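Geometric and topological summary
Each chain is listed here by its residues.
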Amino acid sequence: MSESTIQLYNQDSHRKTFEAVVLTCVEQIRENSDANPRYVVTLDATAFFPEGGGQPSDTGTINGIAVFNVREDDGIIFHTLAAPLTVGETVTGKIDWARRFDLMQHHTAEHIISGLVHKYFGYDNVGFHMGSEAINIDFNGNLTEADIRRVEFDANGAVYENIPIEISYPNPEELKSLNYRSKKELSGNIRIVTIPGYDTCACCAPHVALTGEIGGIKINSCQKYKSGVRVSMLCGTRALQDYNIKEKSVADISVLLSAKPQEVQETVKNLKNENLSLKGRLSNLQNQILNYKAAAVPEGTNSICIFDNDITANFLRPYANLLMERCSGICAVFTSTDDREYKYILAGKSTDVRPLGKSLNEAFQGKGGGSREMVQGSLTGDRRLIDKFMADLTV
Ligand SMILES: [Zn+2]
């Protein structure tokens, strides 16, 4: 059995470059034979953190060759590279530090938040997802808005205190008397990450050295999830970027509304109410217009075919109802926004309008249907042709 890889990230989470000797290099068998080749390399030591504890694996380069993925199996760390390395040579590894630092900031913040939630409310962290957009933490209990703000405030307090993070490997006896958070039953050499005063947790991932490095913790949302809640948060630069996006959004809305940024919510509320009352007035006016239009049709008219683009589709039915009171035959109304595609209604007090609807649909690639008295649908065609078709059929 091969010897375990020396895990330099465990000795120093801030190690960005390192030198190591290549122990093995094997071409990876890929399912897609057209895909670019990949090589799996092991080294005597590495600063590349493999996936673990909810934290994705590091990326970076070894001798300038891209490292896509890093995983650990039984103490050996495997690096997936774009090109091969020579066994026995000494190579220089460089991790993508900006990415790793960002992950460490969020991971340590997650420990602080989970520790506080556990201390204040007794809930467990039951899920942790570090995405490129959001960092989510799932808890098995409900948190109110006030709870969230309390946790956020105190978590930032931990940042201001700039507390050194302690990493330890207690022996089984010491572990028994230690009160620590853990997602599963652990065995072997347990690594404990302690943020004094805030959290003690079993975790294999690299963390920032001092809580001040987190820069700031913002909880962006807390939504019901399964039997508890999902908390989304951002730290450091990502929190700042998020703030910038939201600030710009409010500033742009404020210009659009000609309202001060702190008044946009009230202004939007007023606009919505105004819009609602305008819709009500518009609907009343449209009903009045329908009545006038229908009154213009002489009583005792037999069948009538009307093209009126001022009638919106949702007013076809009330208009047809008014027309039916004045016509003994078939009332047809067509409306269009482009004089090409029409919405239509056919209504008849004493005539079954379904056969007419069927013929109309067949002639003008239409669709729709309805009852004996009323058929609604849409079709495509030239107004003159539709008019002629109706005149021929309803005569
Ligand atoms: Zn952790």
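Residues numbered from 1 in each chain as written. Predicted model: local features only at pLDDT ≥ 70, side-chain atom pairs only at ≥ 80, totals over all residues.

**Observations regarding the overall build of the protein chain**
When its secondary structure is counted, the protein chain shows nine helices and 20 strands. Against the globule reference of 21 Å for 395 residues, the protein chain gives a C-alpha radius of gyration of 35 Å, more extended than a compact globule. In terms of overall dimensions, the protein chain has C-alpha extents of about 100 × 55 × 40 Å along its principal axes. In the protein chain, the share of contacts with a sequence separation of at least 24, taken over all contacts with a separation of at least 6, comes to 57%. (Helix = DSSP H or I, 4+ residues; strand = E, 2+ residues; numbered from the N terminus. Rg over C-alpha atoms; globule rule 2.2 N^0.38 Å. Contact = placed C-beta atoms within 7 Å.)

**Notes on the domain arrangement of the protein chain**
Each domain of the protein chain was delimited in the assignment, giving domain 1 (6-95), domain 2 (101-245) and domain 3 (297-394). The straight-line distance from the C-alpha centre of domain 2 to that of domain 3 is 65 Å. (Domains from an automatic or database assignment.)

**Brief notes about unusual backbone geometry**
Positive phi is not limited to glycine here, since Asn 162 has a value of about 50°. On the secondary structure map, Asn 162 appears in the loop between helix 3 (145-161) and strand 11 (166-168). The class of Asn 162 is exposed, set by 11 C-beta atoms lying within 10 Å. (Buried ≥ 20, exposed ≤ 12 C-beta atoms within 10 Å, placed from the backbone.)

**Some points on the sheet that holds strand 20 (residues 374-380)**
Strand pairs in the sheet, formed through backbone hydrogen bonds, run parallel or antiparallel to each other. With respect to topology, five strands assemble into an open sheet ordered 16-17-18-20-19, the strand pairing being mixed. What marks the edges here is a single partner per strand, and that holds for strand 16 (304-307) and strand 19 (367-370). Adjacent strand axes in the sheet meet at a mean angle of 15°, parallel and antiparallel pairs treated alike. Lying on the sheet, helix 8 (residues 354-363) is in contact with strand 17 (330-336), strand 18 (341-348), strand 19 and strand 20; it crosses strand 20 at an angle near 10°. (Pairing = 2+ DSSP bridges. Axes fitted to C-alpha atoms, helices over the stretch in contact; angles between N-to-C directions.)

**As for the pairing of strand 18**
Counting buried residues in strand 18 gives six out of eight residues, a clear majority hidden from the surface. Pairing of strand 17 with strand 18 involves seven bridges; the strand directions are antiparallel. Among the inter-strand pairings, Val 333 is bridged to a residue of strand 18, identified as Ile 345. In terms of strand pairing, strand 18 meets strand 20 through seven bridges, oriented antiparallel. Each bridged residue has a counterpart across the sheet, and for Tyr 344 the counterpart in strand 20 is Gly 377.

**Comments concerning the sheet that holds strand 3 (residues 39-43)**
What the six strands build is a closed barrel, ordered 2-3-7-6-5-8; its pairing is antiparallel. Adjacent strand axes in the sheet meet at a mean angle of 45°, parallel and antiparallel pairs treated alike. Note that strand 6 (residues 65-73) and strand 7 (residues 76-81) share six bridges and pair antiparallel. Bridging from a neighbouring strand, Val 67 pairs with Leu 81 of strand 7.

**Topic: helix 5 (residues 236-257)**
With 22 residues, helix 5 should cover 32 Å at 1.5 Å per step; its first-to-last C-alpha distance of 32 Å lies within 8% of that length. Of all 22 residues in helix 5, two are buried; the element is thus mostly exposed. Looking one or two places after helix 5, you find Ser 258, whose phi comes out positive at around 50°. (Expected span 1.5 Å × (residues − 1).)

**Quick notes on the nonpolar core**
In terms of nonpolar packing, the biggest core is built from 52 residues, with Ala 109, Ile 112, Ile 113, Ala 155, Val 231 and Met 233 touching the most fellow members. Here this core gets seven residues from one element, more than from any other, and that element is helix 2 (residues 97-121). Composition of this core by domain shows at least three residues from each of domain 1 (6-95) and domain 2 (101-245). Once residues within four sequence positions are removed from consideration, Met 233 is found in contact with Ala 109, Ile 113, Ile 135, Ile 217, Lys 218, Ile 219 and Asn 220. Formed by 25 residues, the second largest nonpolar core is a distinct cluster that contains Leu 290, Tyr 319, Ala 320 and Cys 327. (Core = buried A, V, L, I, M, F, W, Y, C linked by C-beta atoms within 7 Å.)

**So, the packing of helix 6 (residues 264-295) against helix 7 (residues 316-324)**
Where helix 6 meets helix 7, the axes come as close as 9 Å, and the angle between the chain directions of the two elements is 30°. Considering the angle they form, helix 6 stands roughly parallel to helix 7. Seen along the crossing, helix 6 lies across helix 7 with a hand that is right-handed. Between helix 6 and helix 7, the contacting residues are Asn 287, Leu 290, Asn 291 and Ala 294 on the first element and Pro 318, Tyr 319, Leu 322 and Leu 323 on the second. (Parallel < 35°, antiparallel > 145°, perpendicular 65-115°, else oblique. Left-handed = near helix turned anticlockwise from the far one by under 90°.)

**A few points about the pairing of strand 14 (residues 217-225)**
Note: strand 14 against strand 15 (residues 228-235), eight bridges, orientation antiparallel. Each bridged residue has a counterpart across the sheet, and for Gln 223 the counterpart in strand 15 is Arg 230.

**A closer look at the environment of Glu 166**
Residue position: Glu 166 is located in strand 11. Once the C-alpha coordinates of Glu 166 and Pro 206 are considered, the two residues, 40 residues apart in sequence, prove to be 11 Å apart. With sequence-adjacent residues up to four places away left out, Glu 166 is seen in contact with Thr 194 and Pro 196.

**Considerations on the environment of Thr 46**
Counting through the fold element by element, Thr 46 comes out in strand 4 (residues 45-46). According to the C-beta neighbour criterion, Thr 46 is buried, with 27 such atoms within 10 Å. For the pair Thr 46 and Ala 20, spaced 26 residues apart in sequence, the C-alpha to C-alpha distance is 6.9 Å. Ignoring any residue separated from it by four or fewer positions in sequence, one finds Thr 46 in contact with Thr 5, Leu 8, Ala 20, Ile 77 and Gly 93.

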